[in-house]
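Descriptive structure summary
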Amino acid sequence: MARKTRKSNVECPVKNYADKVLSGEILAGELIKLSCERHLKDLKTSPAKGFYFDHKAAAHAIEFFSFLRLWEGEWAGCAFGLSPWQQFIVGSLFGWKNSGSNLRRFREGYIEVPRKNGKSPLVAGIGLYLLMADNEPGAQIFSAATKRDQAKIVWNHARNMLKRSPALRDRVQVFRSNSNLCVLETESKFEPLGADADTMDGLNIHGGLIDELHAHKTRAVCDVMETATSARRQPLIIYITTAGFDQTSICYEKHEYSVKILKQTVTDDTIFAYIATLDEDDLKNERWDNPKVWQKANPNYGISVKPDDLKRKCAKAKELPSSLNSFLRLHLNVWTQQAERWIPLPLWDENAGIVNEARLVGQTCYGGLDLSSVSDLTAWVLVFPREEDPEAMDVLARFWCPGARLTDGHNKYREQYQTWARQGLLKTTPGDAIDYAFIKAQILKDAETFKIVDMNIDRLFQSHQLAMELADAGLRVAGMGQGFMSMAVPVKEFQRKLLARKLHHGGNPVLRWMADNVVVKHDPAGNLKPDKAAAQGKIDGIVALIMALDRAMRHENNESVYEKRGMRSL
């Protein structure tokens, strides 16, 4: 028999939100509308399905948040008053019950909203409710991530909101040694858990909280959470995230399954889903720059999501494709591809300026050398900070390939190579393989002509000998990797200078072709690096340019890094 609950005279905030979304009073995307439709439909059909909505339980969970105190930013010290969309989520998760047992209907919640919508405080508050107010003796609540430091982000929100709560803080003890929040009277605990822990076995989970699921490269943490709840009466796992780009990930799997539930192509009454994003028509008709569209994807628009901040980031996204995908993914919650085209040719051309090699004689510069393995292009790029504007750089690029590539029938770029060779823009070395002696000779000649402070060379196996020979000749040579750790910062600087029209390359046709070929790859933190494997053609010159910028950045204060630590060996 279902437990009878009396409805409050005040309209239920969960139904109130759903009604306002569907009437258009609250602007929302199609997937949020589907979530609201699901709630209203279930209110009518729930007896036949074997569950019911407990208004009192929903109100209890929502009211709990008012005892918490926010701790950072402009609302520090204020009570955590849930926004209507947050009331809808919390009320839905804790209000829906199974008729026979009166236990919770939903065992999982998938919540996908953009950055700055207060995801982490919300899921931290849910964790505290599960710890303190869910009538579960010996409750074990875990905020989980791939690394424990990441898992502590949600846990820290919980601890800090609790510390500032006069009504709740005395009920919980904080054990700093093992990062535990403990309720001694019920022997319950709330702690961060990382996949990098010694073991994740033996858990008996009542509440699992996984923030930023898109950052999980494997499903290991999720599988542990889900398999460790079987001994609990009404466990709850919350997945809360921003959209990602890896469409083979566990996050995308959860996303797609949730969309199917909302669209009713799959029936699963144990999973709650709330996804705030743009509608397909908004993307198809490129309305992503419309502030009204932003509100669809950002339920906290105008509160924690600042319109002026979105306006600034939108303006940047209009100029640079990589910024566009980041804007769509992080701020409008749109799933994107991992690799995307990066440099718009109009923007590249606006940076051309005039580069006169004769006028660069004797000037300070920094080098980047991207060596080919055997038969590909090799690029040597120098960047010269301008004396009148140190932010501006003049770019000088040189390219080589084996002579045989100009007539190789398998080289689809051979006609371009032939044209550039006639123009003196592409130099050749005899035979089928690149001869590094020619490259070394040009670099040493450039060292006599210009004031090369130092240079980067990529850490290929075959680069070691050349690097040692250049060092023996008196050049300062550093090895540079091609991964996110090495490339992220200079890539960001390259992008910044490009947008500021400070990267003057003189319109070099080879470099222009490579700029049009570049695609970049994201890591979960939003860092970028050029992706040679996914590029539409050769990009060695852009890679070498970024490597040269890396050296220049290390000397921005006119103090050589080598004065402090000497040269690094390759």
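Residues numbered from 1 in each chain as written. Predicted model: local features only at pLDDT ≥ 70, side-chain atom pairs only at ≥ 80, totals over all residues. Heavy atoms only, no water.

1. Side note on the overall build of the chain
- A tally of regular secondary structure across the chain gives 20 helices and 20 strands.
- Principal-axis analysis of the C-alpha atoms places the extent of the chain at approximately 90 × 50 × 45 Å.
- Within the chain, the proportion of its 570 residues that are buried is 52%.
- For the chain, the exposed surface amounts to about 25600 Å²; the carbon and sulfur share of it is 49%.
- Distance between charge centroids for the chain: 5 Å, based on 77 positive and 70 negative side chains. (Helix = DSSP H or I, 4+ residues; strand = E, 2+ residues; numbered from the N terminus. Buried < 20%, exposed > 50% of the residue type's maximum accessible area, 1.4 Å probe, protein only. Areas by Shrake-Rupley, 256 points an atom, 1.4 Å probe, with all protein chains shown as cover. Lys, Arg positive; Asp, Glu negative; His and termini not counted. Charge placed at Lys NZ, Arg CZ, Asp CG, Glu CD.)

2. What to know about the sheet that holds strand 6 (residues 180–183)
- Strand order in the open sheet made by the eight strands is 5-6-7-4-8-9-3-10, with mixed pairing throughout. Strand pairing shows two members of the sheet lacking a second neighbour, strand 5 (173–175) and strand 10 (271–275), which therefore form its edges. For this sheet, the mean angle separating the axes of adjacent strands, direction not counted, is 15 degrees.
- Here strand 6 runs beside strand 7 (residues 188–194); their pairing, made up of three bridges, is antiparallel. Paired with Cys182 across the strands is Lys189, a residue of strand 7.
- Strands strand 3 (108–112), strand 9 (236–241) and strand 10 of the sheet are contacted by helix 8 (residues 250–262), whose axis makes an angle of about 100 degrees with strand 10. (Pairing = 2+ DSSP bridges. Axes fitted to C-alpha atoms, helices over the stretch in contact; angles between N-to-C directions. Contact = heavy atoms within 4.5 Å.)

3. Section: the packing of aromatic side chains
- Using the criterion set out here, one finds 20 aromatic pairs in the structure.
- The interplanar angle of 25 degrees and the centroid separation of 5.9 Å between the aromatic rings of Trp85 and Tyr274 together place this pair among those described as stacked. One end of the pair, Trp85, is in helix 4 (residues 84–95); the other, Tyr274, is in strand 10, and 189 residues separate them in sequence. The pair Trp85 / Tyr274 is uniform in exposure class, with both members buried.
- When the centroid spacing of 6.0 Å and the interplanar angle of 55 degrees are considered together, the rings of Phe88 and Phe272 count as tilted. (Phe/Tyr/Trp six-rings, centres within 6.5 Å; stacked < 30°, edge-to-face > 60°.)

4. Quick look at the side chain of Gln495
- On the secondary structure map, Gln495 appears in helix 17 (residues 484–499).
- With a relative accessible area of 8%, Gln495 lands in the buried category.

5. Some points on the pairing of strand 4 (residues 140–145)
- For strand 4, a buried count of six out of six residues is recorded, marking the element as mostly surrounded by other parts of the structure.
- Neither face of strand 4 is left uncovered, since the one carrying Gln140, Phe142 and Ala144 and the one carrying Ile141, Ser143 and Ala145 both have all their residues buried.

6. Concerning the pattern of salt bridges
- Within the structure shown, the criterion is met by 41 salt bridges.
- Taking the shortest distance from any N to any O, the salt bridge between Lys538 and Asp376 comes out at 3.2 Å. You can see Lys538 sitting in the loop between strand 20 (528–530) and helix 19 (540–553) and its partner Asp376 sitting in the loop between strand 12 (364–370) and strand 13 (378–385), a full 162 residues away along the chain.
- Since its relative accessible area comes to 27%, Asp376 is described here as partly exposed.
- Several salt bridges share partner residues, and in doing so they unite Asp42, Lys49, Arg105 and Asp269 into one network. (Salt bridge = Lys/Arg side-chain N within 4 Å of Asp/Glu carboxyl O.)

7. Remarks on the confidence of the model for the chain
- With 94% of its residues at a pLDDT of at least 70, the chain reaches an overall mean of 90.
- Low pLDDT, under 50, characterises residues 1–10; the predicted model gives this stretch 13 contacts beyond four residues in sequence or across chains.
- A low-confidence stretch, residues 559–570 stays under pLDDT 50, and its non-local contacts, those more than four residues away or across chains, total 24 contacts. (pLDDT = per-residue confidence, 0-100.)

8. So, the packing of helix 4 against helix 5 (residues 119–132)
- At a minimum axis distance of 12 Å, the contact between helix 4 and helix 5 shows a crossing angle of 30 degrees. Compared by their axis directions, helix 4 and helix 5 come out roughly parallel. Remark: the crossing between helix 4 and helix 5 carries right-handed chirality. Contacts between helix 4 and helix 5 involve Trp85, Gln86, Ile89, Val90, Leu93 and Phe94 on the former and, on the latter, Leu122, Ile126, Tyr129 and Leu130.
- Looking at the contact of helix 4 with helix 5, its residues break down into nine nonpolar, one polar and no charged. (Parallel < 35°, antiparallel > 145°, perpendicular 65-115°, else oblique. Left-handed = near helix turned anticlockwise from the far one by under 90°. Nonpolar A, V, L, I, M, F, W, Y, C, P; charged D, E, K, R; others polar.)

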